[in-house]
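Take a look at the letters that make up each chain.
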Amino acid sequence: VKHDDNGRSAMPAADRADARLVGAPGEPRTERLYRRMRFIRRFEESLLDLFERGLLNGTTHACIGQEADAVAIVEQLDADDHMFSNHRCHGHFLARTGDALGLMAEIMGKPEGVCGGIGGSQHLCASGFMSNGIQGGIVPNAAGIALAKQLDGSAGVSVVFIGDGTLGEGVTYETLNLASLWRLPLVVVLEDNEWSQSTPSSANLAGSMRDRFTAFGLQVFEIDSTDVEEINAIAERALAQARTRGGPVAIVIHTYRLCHHSKNDDNRPAEEVAARWKLDPIEIHGRRLDSSIRAAIDVEVESALQDIIDRALSL
Amino acid sequence: VIAARAIGDALRGALEEDDRVILVGEDLVDPYGGAFKVTRGLSTDFPGRVRSTPVSEGAIVGLCAGLALSGYRPIAEIMFGDFLTLCFDQIVNHIAKYEAMYNGKVTCPVIIRTPSGGGRGYGPTHSQSLEKHFFGVPHLRVVASSLVHDPAAVLRALLAQDRPVLLIEHKLLYPLHLMLPAGGRLEGDIAELQVSAGGLPTVSIRPVPRQDCWFTVLAYGYQAELARRVLSRLAVEEEIFGELVVPSQISPLDWEPIDASVGVTRSLLVIEEGVEGFTWGSEVAAQISSRFFGELRRPVATAASDPTVIPSSKTLEAGMLMTSERVEQAIRKVAV
C-alpha cells in the first residue's frame, strides 16, 4: 500500500487491518494520522474498561498520551523495516500492523490472538514486528536484526523503542557501542515519558539523555513534542539518515504518559498530570481537522472497535 | 586430531556449507584466533563472517538472537564459561523464549559455544562449570563436547534443528586427541554409538558385555575422559567392570541409552565437575530412582566438586575439584 503524500507504505503488514481504524489507501495524511492515534487511544481505553469489568486477566501497560510517537515513526517505515518494542507496545503494534482483533484476542488469552494467547500484552509478534517485556534486552536483538539487514544488502532498517527507564540497563550501552562500531542500520527511539513506573527520571538519571547517544557516535534527533506532525517531520529526517547506511541514529522524544504505568498505580501529582492533558496529542492534531470530518472518524473508530471487541469476546 | 582443531574444522565446515553461519565473539579474528585458538584461520578465510566484538557478552548473545530471528545461523563464542552469567538474561528471557512465546511464529537458533571448567589454575572466575544453571531451561539444549563425539557430526546435527543451544567445551579437552568409536570398538573396549531422534550421539563404552558390567557411570566432557581412563585401568588391573555412558546432549537428556544400561547393571554413578548441590546428578538420580525403584541394587550415587569457589592455587584447586583420584574413589564406592 503506497500512500499519497509520503511515498512510503505506512502499514506494510496490514492484512488484518480494518480501514475504519487505519484509514483507506489514499486517505489524506492529516486524517490518517488522527485516525490512527484515535484508534490506539480508544483501543487502550477499551482495554482498561474490559479490565475494570473483570473480562481481562493479567496486566497491561497503556501508552495513552504517547500515541503520536508510534504513529509518526510508522509513517516513515517501509515493508523491509523491522520494529522491536517493549512492555508498552500496544500503540507500536497497532500502528505497525493495524491488527486490532489479533491484539484484542491475544490480550484476552484466546487461541486466535497473534501469539495464541501465550504472549499476552507484552510479547507480540507479527510480520516486521516483535516485542518483549524485559528492559534493555531487545536492544541487542534489534541490533542483530540490523546486522542481518546489512549482511543481506537490504534497504531496511531495524527500529527499537525504549523508554527513559531503559537507560538504566547496561546492555543498552553495550549495544550502542557495537552498533556504532559496525555502522548498523539501527534506529533507537527513546520515548522519554518522564516517569519510570513510579520514579521520576530526575531521580533515576544522571547526565544527559542526548549525550548518552552522542558519546557512542550516534546522530541524535531530539524533540520535545506531542504533536504528531512535528514528530513525523523529525522521524522523516532520522529515518532518511539511517537509510544512508551511515550507522545507527537515535530519536529522542520527550513526551508524557497520561495514564498510570500499568493498572491503578499512579502516584504522580494530579496537577502535573492535569497540566499535561493540555498537550494531549489527539487534541493537538485533532484541531487541524474539520470538525465534521473528525467526528466522522471518531464514529468509524468507535464502531470498528466495538465490532472487534464483540468478535474477540465471542471467540 | 586434537579436540581444539577438530572443533575448529567443524566450524570451518559449517561456514563452508551454509552462508547463513556467522561466528561472533571476543578476540576471534586472526592472528589471535580466539583465546583458545579454536577459530584460528577462520576470519582470514571467511572475512566478515567471523567477527571480533567488544567485551560485551550480553550484546554478543543478544545480537546473535536478532541474527537468528532474521534467518541466520549465528554461533557465539563466550570466551570463558564463567561469563555466561553476563548472557543469562538473553538466553533465558529472550533466546529460549522467542519461539514458544510467539507461538511458533519464529525460531531463534543461536548456538553459544563456551570453554569451561577448571584444572588450569585460572581461579574463581575463569574455571567454573556453570552449566547446571541452564539445565532445565525450557526450549534450550545444553550440549557438551567429549572426546568420544565427532564435533563435526554434533555441529551438523545442531545446525539442522532450530532450538537454541549452549555448547560446553571443557578447556582441558582442547589439547587431547579425539577418541571416536569405530566398528563398535574404542581402543580395547566395546563402544556403542546411539543417535537420538535429534541426531545427537550417546556413546556407551564397556570392557566386557553389558550383562557382565556391575555398574553404569554417566559423565560428560572432561569428567567422561577421566572416568574412561579409570574404568579402563580398573578393568585391566582389577577385573572391575563398569559401563561408561557419555551423552552429547546433557539437558534435556536422551534417556534411552542411560535406561538401557542401568536396566542391566542396576547401579548408577553420575559424575560432573560442577559444584555439588541441585546438580545434573540430582536430576538423573531422581529420574532413575523413579523409573527403576525396586530394581536398583543401591541408591544412585553422585559425585561433584565441592561447593565453594575454585582456588587459583594448584593444590587447593585439586583439593575441591573432581580430579582423577576423586573419580576413582567414587567409582570404587559403587564397584562393590
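Residues numbered from 1 in each chain as written. Chains lettered and ligands numbered in written order. Predicted model: local features only at pLDDT ≥ 70, side-chain atom pairs only at ≥ 80, totals over all residues. Heavy atoms only, no water.

Let's hear about the interface of chain B and chain A: which residues, and what values?
The interface is formed by 29 residues belonging to chain B together with 34 residues belonging to chain A. For the pair chain B and chain A, the interface holds zero salt bridges. Counting only elements with at least two residues in the side of chain B that touches chain A, the list comes to β1 (21–25), β2 (50–52), α3 (57–69), α4 (88–95) and α5 (98–101) of chain B. The greatest single-element share of the side of chain B that touches chain A, amounting to nine residues, is contributed by α3(B). Its residues assigned to classes, the side of chain B that touches chain A shows 14 nonpolar, 11 polar and four charged. (Contact = heavy atoms within 4.5 Å. Salt bridge = Lys/Arg side-chain N within 4 Å of Asp/Glu carboxyl O. Helix = DSSP H or I, 4+ residues; strand = E, 2+ residues; numbered from the N terminus. Nonpolar A, V, L, I, M, F, W, Y, C, P; charged D, E, K, R; others polar.)

Just give me the short version of the sheet that holds strand β8 (residues 189–195) of chain B, but keep the residues and values in it.
All names here are of chain B. Spatially, seven strands are ordered β7-β8-β9-β11-β10-β13-β14 in an open sheet, and the strand pairing comes out mixed. Both edges of this open sheet fall to β7 (185–186) and β14 (301–305), since each of them pairs with a single strand only. One ladder, built from six bridges, connects β8 with strand β9 (residues 201–206); its direction is antiparallel. Following the sheet pairing, Val195 is matched in β9 by Pro201. Contacts between helix α8 (residues 255–265) and the sheet are confined to β8, β9, β10 (215–218), β11 (242–247) and β13 (268–275), with β10 contributing the most and set at about 155° to the helix. (Pairing = 2+ DSSP bridges. Axes fitted to C-alpha atoms, helices over the stretch in contact; angles between N-to-C directions.)

Which residues make up the environment of Leu159(B), and what are the values?
All names here are of chain B. Along the chain, the position of Leu159 falls in helix α6 (residues 151–159). On the basis of relative accessible area, Leu159 is assigned to the buried category, the value being 17%. Between the C-alpha atoms of Leu159 and Gly242, which are 83 residues apart in sequence, the distance is 34 Å. If we ignore the near neighbours within four places in the chain, the residues touching Leu159 are Ala14, Val21, Arg73 and Ile111. (Buried < 20%, exposed > 50% of the residue type's maximum accessible area, 1.4 Å probe, protein only.)

Tell me about the pattern of salt bridges, and please be specific about residues and values.
For the structure shown, the criterion picks out 38 salt bridges over all chains. With its nearest N and O atoms 3.3 Å apart, the salt bridge here joins Asp49(A) to Arg53(A). Judged by its relative accessible area of 52%, Arg53(A) is exposed. Overlapping salt bridges, with partners in common, bring together Glu187(B), Glu225(B), Arg228(B) and Arg229(B) in one network.

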